[in-house]
Amino acid sequence: METVADFLAALRRGTLSARAAVDLALQRIAAADPALQAFLAVRADEARAQAARIDEQRAQGQDVGPLAGLPFGVKDVICERDHECTCCSKILKGYRPPYNATVIERLRAAGAIPIGRLNMDEFAMGSSTEHSAFQQTRNPWDTTCIPGGSSGGSAAAVAARMVPMTLGSDTGGSIRQPAALCGVTGLKPTYGRVSRYGLVAYASSLDQIGPLALSAEDVALVLPHLAGHDPQDTTSAALPVPDYCAGLSGDIRGLRVGVPKEYFVAGLDPEVRHAVQAAIARLSALGARVEEVSLPHTEYAIATYYVVATAEASSNLARYDGIHYGARAADTRNLLEVYTHTRRQFFGDEVIRRIMLGTYVLSAGYYDAYYLKALQVRTLIKRDFDAAFENVDVLVTPTSPTPAFKLGARTADPLQMYLADIFTVSVNLAGIPGLSIPCGFSEKGLPIGLQLLAKPFDEATLLKVGHAYQCATDYHTRRPANCTDLFDEETKE
Amino acid sequence: MAQYEAVIGLEVHVQLNTATKLFCRCRNHFGDPPNTNVCPVCLGLPGALPVVNQAAVAHAVKTGLLLNCTIAAFSKFDRKHYFYPDLPKAYQISQYDLPVCRAGWLEILLNEQPRRIGITRVHMEEDAGKLMHDEGGGGSVVDLNRTGTPLLEIVSEPELHSPDAAYAYLTTLKQLISYLGVSDCNMEEGSLRCDANVSVRPVGVTTLGTKVEIKNMNSFKGVHKALSYEIERQTKAVSAGQAIVQETRLFDTVQEKTVSMRSKEEAHDYRYFPDPDLAPMTFSAAQVEAVRATLPELPRARKERFAAQFALSDYDATLLTSERAMAEYFEATVQAGASGKAAANWIANNLLTALNAAHLTLAQCRITPAQLADMIALVESNAISSTNAKNDVFPVMFATGASPQAIVDEKGLRQVSDTTQIDAWVRAALEQNPAVMAALTSGKAKAAGTLVGAVMRLSQGKANPALVNARIAELTRAYLPPPPEPA
Amino acid sequence: MISHTDIAYLARLSRLAMSDADLAVFMPQLQQILAYIEQLRALDTTGIEPTAHVLPLRNVTRADDVGASLPQAAALQSAPQVGDGFFCVPAVIE
Ligand SMILES: [Zn+2]
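Computed from a predicted model, the values in this text were never measured in an experiment.

## Section: the interface of chain A and chain B
Each partner contributes to the interface: chain A provides 38 residues, whereas chain B provides 32 residues. Counting the surface lost from both chain A and chain B, the interface buries some 2600 Å², and carbon and sulfur atoms represent 61% of this. Looking at the side of chain A facing chain B, the largest losses of area belong to Thr-234, Arg-319 and His-324 of chain A, adding up to 23% of the total buried there. One can count one salt bridge joining chain A with chain B. Asp-277 of chain B is the partner of Arg-196 of chain A in a salt bridge, and the nearest nitrogen-oxygen pair spans 3.0 Å. Taken together, chain A and chain B are joined by 15 residue pairs in polar contact (both at pLDDT 80 or more). Only helix H9 (301-316), helix H10 (335-346), helix H11 (349-362) and helix H12 (367-388) of chain A provide two or more residues apiece to the side of chain A that touches chain B. Ranked by residues supplied to the side of chain A that touches chain B, first place goes to H9 of chain A with four residues. Grouping the amino acids of the side of chain A that touches chain B by side-chain chemistry returns 21 nonpolar, 11 polar and six charged.

## Observations concerning the interface of chain C and chain A
Listed by partner, the interface residues are 46 residues for chain C and 65 residues for chain A. Across the chain C/chain A interface, buried area totals approximately 5200 Å², and carbon plus sulfur atoms make up 69% of it. In this structure, the connection of chain C to chain A is made through one salt bridge. In this structure, the salt-bridge partner of Asp-22 of chain C is Arg-344 of chain A, at a minimum N-O distance of 2.9 Å. Elements with a minimum of two residues in the side of chain C that touches chain A: helix H1 (4-13), helix H2 (20-37) and strand E3 (86-89) of chain C. If you tally residues by element for the side of chain C that touches chain A, the top one is H2 of chain C, at nine residues. The class makeup of the residues in the side of chain C that touches chain A is 32 nonpolar, nine polar and five charged.

## Overview of the packing of helix H9 (residues 369-380) of chain B against helix H10 (residues 386-400) of chain B
All names here are of chain B. At a minimum axis separation of 10 Å, H9 and H10 run at an interaxial angle of 160°. Put simply, H9 runs roughly antiparallel to H10. Seen from above, H9 lies across H10 with right-handed handedness. Together, Gln-371, Leu-372, Met-375 and Val-379 of H9 and Ser-386, Ala-389, Val-393, Phe-394 and Met-397 of H10 make up the contact between the two elements.

## Remarks on the side chain of Arg-161 of chain A
All names here are of chain A. In this fold, Arg-161 is placed in the loop between helix H5 (152-159) and strand E4 (165-170). A distance of 2.9 Å separates a polar atom in the side chain of Arg-161 from the backbone oxygen of Ala-159. Reaching out from Arg-161, the side chain makes a polar contact with the backbone oxygen of Arg-478 at a distance of 3.3 Å.

## Observations concerning the sheet that holds strand E10 (residues 140-143) of chain B
On the basis of which strands lie adjacent, the open sheet formed by four strands has the order E9(B)-E10(B)-E3(C)-E2(C) and antiparallel pairing. What marks the edges here is a single partner per strand, and that holds for strand E9 (130-133) of chain B together with strand E2 (82-83) of chain C.

## Looking at unusual backbone geometry
Residue and element names in this part refer to chain A. Of note, the bond from Gly-149 into Ser-150 is cis; its omega dihedral lies within 30 degrees of zero at 5°. With respect to the helices and strands, Ser-150 occurs in the loop between strand E3 (113-118) and H5. With phi around 55°, Asp-331 is a residue other than glycine that occupies positive phi space. With respect to the helices and strands, Asp-331 occurs in the loop between H9 and H10.

## Comments concerning the coordination of the zinc ion
Looking at the metal site, the zinc ion is ligated by Cys-24 of chain B (SG), Cys-26 of chain B (SG), Cys-39 of chain B (SG) and Cys-42 of chain B (SG), spaced 2.3 to 2.4 Å from it. For the zinc ion, the four donor atoms are set out with angles of 99 to 115° between them, so the coordination reads as tetrahedral.

## Some details on the packing of aromatic side chains
The relative placement of two aromatic rings is captured by the distance of their centres and the angle of their planes. All chains considered together, the criterion is met by 28 aromatic pairs over all chains. Here Phe-385 of chain A and Phe-389 of chain A contribute two aromatic rings whose centre-to-centre distance is 6.4 Å and whose plane-to-plane angle is 20°, an arrangement assigned as stacked. The pair formed by Phe-385 of chain A and Phe-389 of chain A is uniform in burial state, with each residue classed as buried. Summarising the aromatic geometry, the rings of Tyr-82 of chain B and Tyr-270 of chain B are spaced 6.2 Å apart at their centres and angled 65° between planes, so their arrangement reads as edge-to-face. Of the two residues, Tyr-82 of chain B sits in the loop between strand E5 (78-81) and strand E6 (91-94) while Tyr-270 of chain B sits in the loop between strand E15 (257-260) and strand E16 (273-274), which places them 188 residues apart along the sequence. Taking the relative accessible area as the measure of exposure, Tyr-270 of chain B reaches 21% and is therefore partly exposed. Over the ring of Phe-405 of chain A we find Arg-410 of chain A, and its NZ or CZ is 4.0 Å from the ring centre. Positioned above the aromatic ring of Trp-105 of chain B, the side-chain terminus of Arg-116 of chain B is 3.5 Å from the ring centre.

## Things to note about the confidence of the model for chain B
With 97% of its residues at a pLDDT of 70 or more, chain B shows a mean pLDDT of 89. For this predicted complex, the interface confidence reaches an ipTM of 0.96, while the overall pTM sits at 0.88.

## Considering H2 of chain C
End to end, H2 of chain C covers 25 Å across 18 residues, agreeing with the expected 26 Å (1.5 Å per residue, within 8%). The sharpest bend along H2 of chain C reaches about 25° and sits at Phe-26 of chain C, with the proline Pro-28 of chain C one to four residues further on. Listed in full, the buried residues belonging to H2 of chain C are Asp-22, Leu-23, Phe-26, Met-27, Gln-29, Leu-30, Ile-33, Leu-34 and Ile-37 of chain C. In this structure, the buried side of H2 of chain C is in contact with H9, H10, H11, H12 and helix H13 (414-419) of chain A together with H1 of chain C.

## A short note on the environment of Glu-390 of chain A
Tracing the backbone through its elements, the reader meets Glu-390 of chain A in the loop between H12 and strand E9 (394-398). Spatially, the C-alpha atoms of Glu-390 of chain A and Lys-455 of chain A are 9.4 Å apart, while their sequence positions differ by 65 residues.

## Quick notes on the domain arrangement of chain B
One can read the domain layout of chain B as domain 1 (4-288), domain 2 (299-411) and domain 3 (419-479). A separation of 34 Å is found between the C-alpha centroids of domain 2 of chain B and domain 3 of chain B.

## A short note on the sheet that holds strand E12 (residues 192-202) of chain B
Residues and elements named next belong to chain B. Strand order in the open sheet formed by nine strands is E3-E7-E8-E11-E1-E12-E13-E14-E15, with mixed pairing between adjacent strands. Only two strands of the sheet have a single neighbouring strand rather than two, namely strand E3 (70-71) and E15. Summarising the sheet, strand E7 (residues 101-110) and strand E8 (residues 113-126) pair through nine bridges and their orientation is antiparallel. Its bridge partner lying in E8, Leu-109 is registered against Pro-114. Sheet strands in contact with helix H3 (residues 220-239) are strand E1 (4-15), E12, strand E13 (212-217), strand E14 (248-252) and E15, and its direction is about 25° off that of E12.

Definitions and limits used
Residues numbered from 1 in each chain as written. Chains lettered and ligands numbered in written order. Predicted model: local features only at pLDDT ≥ 70, side-chain atom pairs only at ≥ 80, totals over all residues. Heavy atoms only, no water. Contact = heavy atoms within 4.5 Å. Buried area = accessible area lost by both parts, 1.4 Å probe. Salt bridge = Lys/Arg side-chain N within 4 Å of Asp/Glu carboxyl O. Polar contact = N/O pair within 3.5 Å; in protein donor to acceptor, adjacent residues only side chain to side chain. Helix = DSSP H or I, 4+ residues; strand = E, 2+ residues; numbered from the N terminus. Nonpolar A, V, L, I, M, F, W, Y, C, P; charged D, E, K, R; others polar. Axes fitted to C-alpha atoms, helices over the stretch in contact; angles between N-to-C directions. Parallel < 35°, antiparallel > 145°, perpendicular 65-115°, else oblique. Left-handed = near helix turned anticlockwise from the far one by under 90°. Pairing = 2+ DSSP bridges. Donors = N, O, S within 2.8 Å, 3.2 Å for Na, K, Ca; no water. Tetrahedral: all angles 85-135°; square planar, octahedral: opposite > 155°, others 65-115°. Phe/Tyr/Trp six-rings, centres within 6.5 Å; stacked < 30°, edge-to-face > 60°. Buried < 20%, exposed > 50% of the residue type's maximum accessible area, 1.4 Å probe, protein only. Lys NZ or Arg CZ within 6 Å of the ring centre and 35° of its normal. pLDDT = per-residue confidence, 0-100. Expected span 1.5 Å × (residues − 1). Bend = angle between axes of the 7 residues up to and from the residue. Domains from an automatic or database assignment.

If you want it as structure tokens, here you go:
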């Protein structure tokens, strides 16, 4: 009983009540989380009450929704009414939104049960979850390593089987990279596929909410209940949402797979290269036609990303000024000090770096040289993908150049940390969907992720390929050692 | 000594009277308890997103057409960043380089002469909240009800050269925009706000002098006074060889002068960039023409039509078209059967006087155009006298909204034109006035005139005055001495 | 290359109280990142349209219909200082 598919089958069959599903998740969180620190807050009573209502309604024969009783975790960047939402920043300590994000409304309407808030890098800025102001989440496969980021809590909670599904957000790789580093499946949907209403903005033109789970099939089960047009989000697409499960045939014969040569360059860890090449060979063996393609502007992606993302961030984070919500510095003598002290005192250093960088690239005299230039390069990067997808159905790349690194290994060098986003940021700049699935392990037993990319709004093909690969491999079913013990414990009862 | 001329450009902010705010569905309404017309969007809460109000866009396009602007084929919203407690996102959603409308003009009348003033641009933006100094607490307080109210910023070219011209520009702009019905344009209530850029230069020079921005003017008269003061101040300074400092000055409404803000403002660096949360807007030529077709008849055209169609004086036609509501009231009255001349007289002379005295607007008037037309019909059919109409019927209609027929019936005011009855009153009047009788018999025919008042009193004002005159003449003839025989 | 003055200006513009010690830490980091970003200048982008939105969205609007606002208490529930239904701030004198 660990995947979304397991839970939903048992819940529908009636062999598992919603109440029991919630209790199971709470039990696993209690057992695994003290060592991993993925959850910031768990709301046992409220989740049990919602589960009890669902069980009662189901007993009365009412329609309880397609995900009824499914517990899930929420990254601390998505608003839930009256539940503290801090984005793991001291500046939002105590902030309780008076409204639900659209994805929360939709998942709740489908019967899913939010069970707690998940740790992340402050305001989703980071690749290791070390920039959380509150706690350090650890990688379930090796607790001396980072879980990836910024959705580190979301990835660790799924990897450790605490909950079958979590929500993350991805601005430059923040779902896919931690999914890869924790050995789970994570989808960054097409920009506009899932409503951003209620997602605290980091970089509005890049941000997208997506699910993390144990398999492509699980993602396919959940995605229809997140996706679709939302009149409250101007940038959400008014397109129909397909039945993603219908395409999970396991058959990818004739599928055209592109391998961008620019993603297999110096800096790519040999173990990662080996695992990804093996995965490509596996896809070929399953009947896919593999060919090399070129995305010539890849080398400019990180520079472009850090201009666009920080510019938007400097704007989106201007509102945290100690006036209308969140923390306000004490002992200030005037309004200016309320602003400057609050922001200096309660933003972490990484956030401050990005605000200053973003302010710089938008400031008088620099806009054209940096921001406008970056938007032009963004066009070139997008065109690279458009051209590639004229000849192939999916692109296959590594998700991260290395497996999970040790806690503290890179915190001293911000630029090095940024460069690790090399394989993920282009996807956000182009707005296309990306899926990370487990494709092997390093010698030290750390998971390695495979990234699949497709045309805008073609999540169906990503999930189809991911599912076919997972039908032929078992990387996604392997558990970190400590939670194997936990599951053995349950089996004995 | 050189002669100087002033160069003035005006930036006018107009609040649009949409039902909801520009980017959220909160009510666009004033006078409610603080922070009650607010939602996650206009509070700037993390995660909330703006969605554009289509009515506000339509209003902007209409206003642009009214001001003879070109409507942009492609327009977008940008974020303008600055920190202030009444701006919860710390940026205002505005338009930077691609406003909805640009390059138009407004015709004003200056010394009876028409003059075109260029309109640089008209753009959409959201209003900020209200920051008030808290008298008791020593701090300031913020109400965000106004946050997100749709505004149009209308920027004129620096083509105004006197306070009178600026005043004429503002009154004309207000009249036209009110006509369009997209805003109340009430400067006292803040639905129209105006900042001015002023500089002076020697006559004949074509380059601009150093400009000063004036804020805090809260009436059209205030604008006039502030500009007069500022032009004089700058002219004196320049004449004395002093340099003008580029700065922002506030108009002190008590002392009626402009004062330097003094505070050392950081040079503005608003860091505009396209708002990623909003989609650009496009306007095709066909769409623009469709909107143009919905524009109402404007004051000047309407005035000319009224003068021709209803044979009104220039004065009456101007008065009746000065506000759209009044022009529509007049036309509705005519539509209901009144003659143009009578409707114009009653509206211009009686209705407006009564409204002014009661401090009411036409919208609050309880007399419907149909009722006014009915009353005019009663007068014209001699059912009531115009004196009764004016003194007894109209005031009751105005106060209660009752129909003129009901008032006439209730008060028994229906005019008496029955000759037998009038003759009886005339005879009674003669009997009561022996002096008149004596005068008549002694040949003073004019004495009969003094009977009119007596007859009207006897009839309680109901006798038809024309008939009274005729009957008095007829019945008193008998008392006059026979005319001398022709020699 | 970004200077001490530039950074102090950015700190003021973004309302961050930065000590000289802070600036000494952030300046080399920002310099290093900006130096990396400089590589974009090498790319010829003449005539390339900027991409502000990846989706070709146009004219997304809503009807002018009134929706629910928040109760005052909910609007103010996370504010650091409130009074009489208002947000409270230190005196702002114009
Ligand atoms: Zn609102």
